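Given next are the chains, with one letter for each unit.
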Amino acid sequence: MGDIHHIRVRAIAQATEDVDRVKAALSLFIFDNEIETVTTEGYYGNPIIILQAQLKGKGCDRFIDLIKLKLSGAELEKLKKELGERIDEDRYLHIRFDKQAGYNGTVQIAATADTIAAEIKIKAYPAKREKAIEIAEKLF
């Protein structure tokens, strides 16, 4: 495809969650790429583990194919309609997926705050938000 510079995918494992389950849900989106783990502390001193990975090249193509294949028709249409709202001035397309659905191998747009966040950096020439929206519309 070549229209994507990179994709960052991130999920947070709260202290009450099994980190391996969160990794499994994240792996649905990142294939064989390495998951980086960052441990930090919440406001009340609770441990928080951030799991993240970056996709480039063929990994980006596989990610887009996965979304088009696994999202329900209604959700894919909703995503297409919201592209203008989801792309920022830096040409990142923001999509949040349901982490609980990910545990089950399902791709679903998030309706809660328990998410797997994806930031898709769109290559656009000229480097303008409007051009990025056009490219995203072609991708999906």
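I will try to describe carefully the structure that is included in this document. (Residues numbered from 1 in each chain as written. Predicted model: local features only at pLDDT ≥ 70, side-chain atom pairs only at ≥ 80, totals over all residues. Heavy atoms only, no water.)

### Structural notes on the overall build of the chain
Then step 1. In terms of helices and strands, the chain carries six helices and five strands.
Then step 2. What you see in the chain, going N to C, is helices and strands ordered as β-α-β-β-α-α-α-β-α-β-α.
Then step 3. Here the chain has a C-alpha radius of gyration of 15 Å; the compact-globule value for 140 residues is 14 Å, and the two agree.
Then step 4. In the chain, which comprises 140 residues, the proportion classed as buried is 45%.
Then step 5. For the chain, contacts bridging at least 24 residues in sequence account for 63% of all contacts bridging at least 6. (Helix = DSSP H or I, 4+ residues; strand = E, 2+ residues; numbered from the N terminus. Rg over C-alpha atoms; globule rule 2.2 N^0.38 Å. Buried < 20%, exposed > 50% of the residue type's maximum accessible area, 1.4 Å probe, protein only. Contact = heavy atoms within 4.5 Å.)

### What about the nonpolar core?
Then step 1. Counting residues in each nonpolar core, the largest one holds 43 residues, and the members touching the most others are Phe29, Phe63, Phe97, Ile120 and Phe140.
Then step 2. Elements represented by at least two residues in this core include exactly strand 1 (4-13), helix 1 (19-30), strand 3 (47-55), helix 2 (58-70), helix 3 (73-81), strand 4 (92-98), strand 5 (115-122) and helix 6 (129-139).
Then step 3. Broken down by element, this core gets its largest block of residues, six residues, from helix 1.
Then step 4. In this structure isoleucine 120 touches Ile4, His6, Ile7, Phe63, Ile64, Arg91, Tyr92, Leu93 and Ile95, once residues within four positions along its chain are discounted. (Core = buried A, V, L, I, M, F, W, Y, C linked by side-chain atoms within 4.5 Å.)

### Some words on the environment of aspartate 114
Then step 1. Locating aspartate 114 in the fold gives a position in the loop between helix 5 (99-103) and strand 5.
Then step 2. In sequence terms aspartate 114 and lysine 78 are 36 residues apart; their C-alpha atoms lie 20 Å from each other.
Then step 3. If we ignore the near neighbours within four places in the chain, the residues touching aspartate 114 are Glu17, Phe97, Asp98, Lys99 and Gln100.
Then step 4. Here glutamine 100 takes part through its side chain, which lies 2.7 Å from a polar atom of the side chain of aspartate 114. (Polar contact = N/O pair within 3.5 Å; in protein donor to acceptor, adjacent residues only side chain to side chain.)

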